[in-house]
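The primary structure of each chain is shown beneath.
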Amino acid sequence: MISTLATPVIKGASSLKVRTLYNEKMLESLEKLLLSISNAGIDVSVVQGYVSTLLPKDSIPSDVFALYHALLSAVKSQNRQSVERCLMQFRIPTLELAGPKLIFGSIGECQRHEDVVPELPNHEKKTPLLPVSREIVQSCSGDAQKALAILKQYHPEMAAEILTLLSGLYFFDDVGTEEQMIGGSDVRVYGDIFLRRHKGEIDPLVYYCEHIVHETSHLYLHALMAMDPLVLNSPDEHYPAPIRSDLRPMYGVFHATFVLSRMCQVFKVLSDQLSDENVCDAHQCFVRQFEHGLSTVNQYAELTTLGQHLIMQYPEVLMKVR
């Protein structure tokens, strides 16, 4: 059994540390942004007062990230009306929404998702993502909570990371296209993830363990890459991807390989402990994909010092999860 989650990054870069540094950077930028807006003669006193109460070590509501990115876009476009609209529409999160409790819901029920959901990728195509009923949310959240309980029992470190980085899980349906999106996240609503509801194609335990670990790992790497780019390849260069069938920029390949390193570790533990055929099959699939991703990264990636430090530890991870 793997006792700890190998996260090949700088020493001490736990999920809480990475989240704290990411929050600190965002809050510092938001405070400067609000000051510049105030200097332009727009009243930001209410929002400034609220932001001043936020601490980097705490779980920052996704609404605050959404406000920051919306204001940043409006200021860059020099659109005063958009700035004023962002400030007017912002609602200070209640204590219930600002706490550590994981929120379940449907896409379409949060205003902060309006600009994000239409841009969630599906093989670079816009996918119609449909809201689900309250009954479906309850059913899906029940299965997701069972998966989280399994993770807490058998891989408590991953479960703790999920609760540290994840604030909202929002389900959606689709129109049944072949290339359908299953999960996604966006830094503009950091802490939220989007998952297609389980449709019975695989065991729900495997489904929700896989995709919650997958998207949470993206959140970790998003935060880390805000402090160090890790990948220096041009976004115009494309390479074989370990999960998707199309060629991807190295940024995407690197992300997928990191995610797979986590999924392999978690499912190695689950396959050893549960002896479930579906879990074992998923584990073997993830190992093959991780090998594929690692091969591409080793061959083509141009990395920062920290990025190189990260992949130097992948062979040991691969040896342990086979």
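Refer to the structure above for everything that follows.
As the structure is a prediction and not an experimental result, all values here were calculated from the model.

S.K.: I keep staring at the overall build of the protein chain and nothing clicks. Help me out?
M.R.: Along the backbone of the protein chain there are 12 helices and 6 strands. A compact globule built from 322 residues would reach a C-alpha radius of gyration of about 20 Å, and the protein chain, at 20 Å, matches this within 12%. The contacts in the protein chain between residues at least 6 apart in sequence include a share of 77% that link residues at least 24 apart. Surface summary for the protein chain: the accessible area is close to 15,300 Å², and the carbon and sulfur share equals 53%. When the 28 basic and 38 acidic side-chain charges of the protein chain are each reduced to a single mean position, those positions are 3 Å apart.

S.K.: Explain the pattern of salt bridges to me, please; I cannot follow it from the model alone.
M.R.: Side-chain pairs of opposite charge can arise where the charged atoms are in close proximity. Enumeration according to the criterion identifies 16 salt bridges in this entry. When the shortest N-O distance is used, the salt bridge between Glu-28 and Lys-32 registers 3.4 Å. With Glu-28 and Lys-32 both in helix α1 (residues 15-39), this residue pair falls 4 residues apart, about one helical turn. A relative accessible area of 42% places Glu-28 in the partly exposed class. On the basis of relative accessibility, which here comes to 55%, the residue Lys-32 falls in the exposed class. Between Asp-58 and Lys-57 there is a salt bridge, with its nearest N and O atoms 3.3 Å apart.

S.K.: Can you walk me through the packing of aromatic side chains in this structure?
M.R.: The geometry of an aromatic ring pair is captured by the separation of the ring centres together with the interplanar angle, meaning the angle of the planes. Summed over the entire model, instances satisfying the criterion amount to 12 aromatic pairs. Measuring from centroid to centroid gives 6.4 Å for Tyr-170 and Phe-194, while their planes differ by 40°, and the two rings are tilted. Of this pair, Tyr-170 sits in strand β4 (residues 168-172) while Phe-194 sits in strand β6 (residues 192-196); the two residues are 24 residues apart in sequence, bridging distant segments of the chain. The ring of Tyr-220 carries the charged tip of Arg-262 above its face, separated from the ring centre by 5.1 Å.

S.K.: Is there a simple way to think about the nonpolar core in this case?
M.R.: Nonpolar side chains tend toward joint burial in soluble globular proteins. The biggest cluster of nonpolar side chains holds 88 residues, and the ones touching the most others in it are Leu-71 and Phe-171. Excluding anything up to four places from it in sequence, Phe-171 contacts Phe-104, Gly-105, Ser-106, Ile-107, Val-132, Val-137, Cys-140, Ser-141, Ala-144, Leu-195 and Tyr-208. Of all hydrophobic cores here, the second largest spans 12 residues; its members include Ala-66, Val-117, Leu-129 and Tyr-170.

S.K.: I keep staring at the sheet that holds β6 and nothing clicks. Help me out?
M.R.: Within a beta sheet, neighbouring strands are joined by backbone hydrogen bonds and run either parallel or antiparallel to one another. Taken in spatial order, the 4 strands of this open sheet run β1-β4-β6-β5, and their pairing is mixed. Looking along the sheet, the strands with just one partner apiece sit at the ends: β1 (103-106) and β5 (183-185). Geometrically, the sheet is characterised by an average inter-axis angle of 25° between neighbouring strands, direction not taken into account. Running over the sheet, helix α6 (residues 134-154) touches β1 and β4 and is turned about 140° from β1.

About the thresholds
Residues numbered from 1 in each chain as written. Predicted model: local features only at pLDDT ≥ 70, side-chain atom pairs only at ≥ 80, totals over all residues. Heavy atoms only, no water. Helix = DSSP H or I, 4+ residues; strand = E, 2+ residues; numbered from the N terminus. Rg over C-alpha atoms; globule rule 2.2 N^0.38 Å. Contact = heavy atoms within 4.5 Å. Areas by Shrake-Rupley, 256 points an atom, 1.4 Å probe, with all protein chains shown as cover. Lys, Arg positive; Asp, Glu negative; His and termini not counted. Charge placed at Lys NZ, Arg CZ, Asp CG, Glu CD. Salt bridge = Lys/Arg side-chain N within 4 Å of Asp/Glu carboxyl O. Buried < 20%, exposed > 50% of the residue type's maximum accessible area, 1.4 Å probe, protein only. Phe/Tyr/Trp six-rings, centres within 6.5 Å; stacked < 30°, edge-to-face > 60°. Lys NZ or Arg CZ within 6 Å of the ring centre and 35° of its normal. Core = buried A, V, L, I, M, F, W, Y, C linked by side-chain atoms within 4.5 Å. Pairing = 2+ DSSP bridges. Axes fitted to C-alpha atoms, helices over the stretch in contact; angles between N-to-C directions.

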